[in-house]
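Architecture and fold: a report
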Amino acid sequence: MGFARACSVALVGVEGVVVEVQADLEPGVAAFTLVGLPDKSLVESRDRVRAAVVNSGAEWPQKKLTVGLSPASVPKGGSGFDLAVACAVLGAAERIDPASIADVVMIGELGLDGRVRPVRGVLPAVLAAAEAGYRQVVVPEQAAGEAALVPGVSVLGVRSLRQLIAVLADEPVPEEPPTDRGRPDSMLAGLMVPGAGLGTGLAPLSADGTAHRPDLADVAGQERARRALEVAAAGGHHLLLSGPPGAGKTMLAERITAILPPLSRQESLEVTAVHSVAGILPPGEPLISRAPYCAPHHSATMQSLVGGGNGLPRPGAVSLAHRGVLFLDEAPEFSGRALDALRQPLESGHVVVARAAGVVRLPARFLMVLAANPCPCGRHTLAGAGCECPPSAVRRYQARLSGPLLDRVDLRVEVEPVGRADLMGSGGRGETSEVVAARVREARERAGERLAGTPWTTNSEVPGHELRTRLVAAPGALMAAERDMERGVLTARGLDRVLRVAWTVADLRGADRPDASDIAVALELRTGIQRGVPMQAGAL
């Protein structure tokens, strides 16, 4: 009897579970049995592995073969177990030393010719292996850069099964011919789901980085909306842009990622792990360093926003926008169930999706930007524009954004139509994204120094209790906010969010703590009621 084991990783959401792949050979009629709660794609690995082993020059054992995936209670799917299954079978057949693969994690799909193809989710799989104490990982050659992002792990990238057999058996490693130049590499098909990046608004830059990046200086006028955009980026506050069609709401939202600071190392790993699992990680960019931007269409379902799918849930738009921007254009056109499903991730920074196959916790800390028209025709707020929507239709349209959802939005800005002077350029060109990004970065640094030693990094994450007890405003600064709360203009949650915005405004102008003017700016940005405070760049 021959026995050998190797290791692989099963992904549950964006978290991984190390799976021990055991192979057992016994005398009897030649058969191949795979147990351990595999799905359809994993059951099909029996034929892929057999053909790959034979075409790699190794002999397939003509005995009763049983391959078990332990723990058997964890659902397993995908083709990433092929490499571990093949090596476990070869170890049981004594083609390679079983001891050499016992503590090695192997991730990769096998082609019928023995080539090793990349799969999605390599980074979270290697992270899970490292947390479990494994230090040796074998991955496809195309995914070696992604796996190497995890510190403390020795990564071996292989192009074919015969190369891996030679390495494990201490034999000369054969050369594998590279893919023909001048045509797309078919081996990268396992990393990128066709159309996924375009469908979610996450299409990456070109490989040489020459793709056009929208600049804030392209926006004509809209000083008030630009300042609100700056405050939202500096503190991570959610933003609602309301105004008639053609005022520039979408144009403003598309430029917010240009003023967001670069992701930290930990944030980059979190974002890269989510995108790797979703199949939208650019092959030439193993580590995402800039904030993602996700703009789903208003016909998106609740499952596509928060996560779902057959079996265990997969990341939705809120997870794809983790540490970045989720832009909902024409927000009232989204279904009410889909919008209300955003309440929980807006508060907690993650989403828990429960399905019959299991419960998955997905990261979802994003900056939400909503764009809405005032009425179905969009001309309700324009004087003399000829809006023919009856008052009942206007009320129904505006009520599609529920009160509990709007209560979680920190900044609400009315985007006015652009005047002729601003549009034709006589009003002067506005500040570029680089200038605004510098102020945002300085404000984030001030907030980071103040919040050092706490689990929070931005003002939008600080709980209200901390803002009322430890991080207090200047004496007498909250009088206007307290009056609004007594009148019912602000809820308790609304008061906390006003304090968070006030701290961001104070950080932008370099103050130690917010005063009455900062509170007034935060109240004006939240309620839309004029407070008589300047909203120019110098005031922030």
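Scope of this entry: the structure provided in the associated data block. Please read these numbers as outputs of a predicted model, since none were measured by experiment.

1. What about the overall build of the protein chain?
- On a plain count of helices and strands, the protein chain comes out with 22 helices and 16 strands.
- With the C-alpha coordinates of the protein chain rotated into their principal frame, the extents come out at 85 × 50 × 40 Å.
- Buried positions account for 51% of the 540 residues belonging to the protein chain.
- By sequence separation, contacts in the protein chain at least 24 residues apart represent 72% of the contacts at least 6 residues apart.
- When the accessible surface of the protein chain is split by element, carbon and sulfur atoms take 52% of a total near 23,400 Å².
- Counting 56 positive and 59 negative side-chain charges, the protein chain places the averaged centre of each group 5 Å from the other.

2. Regarding the environment of V12
- With respect to the helices and strands, V12 occurs in strand β1 (residues 2-12).
- As a C-alpha pair, V12 and L161 span 149 residues in sequence and 27 Å in three-dimensional space.

3. Re the packing of helix α8 (residues 223-235) against helix α21 (residues 492-508)
- At a minimum axis separation of 9 Å, α8 and α21 run at an interaxial angle of 100 degrees. For the element pair α8 / α21, the angle class is roughly perpendicular. Across from E230, V231, A234 and G235 in α8, the residues of α21 making contact are V501, T504, V505 and L508.
- Per-class residue counts for the contact of α8 with α21 are 5 nonpolar, 2 polar and 1 charged.

4. So, a nonpolar patch on the surface
- Taken together, L156, V167 and V173 make up a surface patch of nonpolar side chains, about 210 Å² in accessible area.
- Position of V173 relative to the elements: it lies in the loop between α6 (161-168) and α7 (196-200).
- For V173, a relative accessible area of 46% corresponds to the partly exposed category.

5. With respect to unusual backbone geometry
- Following S70, the chain continues into P71 via a peptide bond in cis, with omega recorded as 5 degrees.
- As for its position among the elements, P71 is in the loop between β4 (64-70) and α3 (82-92).
- One non-glycine residue, D170, adopts positive backbone phi at about 60 degrees.
- Mapped onto the elements, D170 comes out in the loop between α6 and α7.

6. A look at the packing of aromatic side chains
- With the rule as written, the count across this model stands at 2 aromatic pairs.
- A ring pair is formed by Y293 and F327, whose centres lie 6.4 Å apart and whose planes are at 25 degrees; its orientation type is stacked. Of this pair, Y293 sits in strand β11 (residues 293-294) while F327 sits in strand β12 (residues 325-328), and the two are 34 residues apart along the sequence.
- By relative accessible area, Y293 is classed as buried at 16%.
- Judged by relative accessible area, F327 falls into the buried class, the value being 2%.

7. Observations regarding the pairing of strand β8 (residues 136-140)
- Counting buried positions along β8 gives 4 out of 5 residues, so the element sits mostly inside the fold.
- Here 2 bridges tie strand β5 (residues 105-106) to β8, and the two strands are oriented parallel to one another. The partner of M106 across the bridge, within β8, is V138.
- Bridging between β8 and strand β9 (residues 154-158) involves 5 bridges; their strand directions are parallel.

8. Quick look at α3
- Counting buried positions along α3 yields 11 of 11 residues, so the element is predominantly enclosed.
- When we look at burial in α3, the residues that qualify are D82, L83, A84, V85, A86, C87, A88, V89, L90, G91 and A92.
- Looking one or two residues beyond α3, the residue adopting positive phi is E94, at roughly 65 degrees.

Definitions and limits used
- Residues numbered from 1 in each chain as written.
- Predicted model: local features only at pLDDT ≥ 70, side-chain atom pairs only at ≥ 80, totals over all residues.
- Heavy atoms only, no water.
- Helix = DSSP H or I, 4+ residues; strand = E, 2+ residues; numbered from the N terminus.
- Buried < 20%, exposed > 50% of the residue type's maximum accessible area, 1.4 Å probe, protein only.
- Contact = heavy atoms within 4.5 Å.
- Areas by Shrake-Rupley, 256 points an atom, 1.4 Å probe, with all protein chains shown as cover.
- Lys, Arg positive; Asp, Glu negative; His and termini not counted.
- Charge placed at Lys NZ, Arg CZ, Asp CG, Glu CD.
- Axes fitted to C-alpha atoms, helices over the stretch in contact; angles between N-to-C directions.
- Parallel < 35°, antiparallel > 145°, perpendicular 65-115°, else oblique.
- Nonpolar A, V, L, I, M, F, W, Y, C, P; charged D, E, K, R; others polar.
- Patch = residues over 30% accessible without salt bridge, like charges linked within 9 Å, V, L, I, M, F, W, Y side chains within 5 Å.
- Salt bridge = Lys/Arg side-chain N within 4 Å of Asp/Glu carboxyl O.
- Phe/Tyr/Trp six-rings, centres within 6.5 Å; stacked < 30°, edge-to-face > 60°.
- Pairing = 2+ DSSP bridges.

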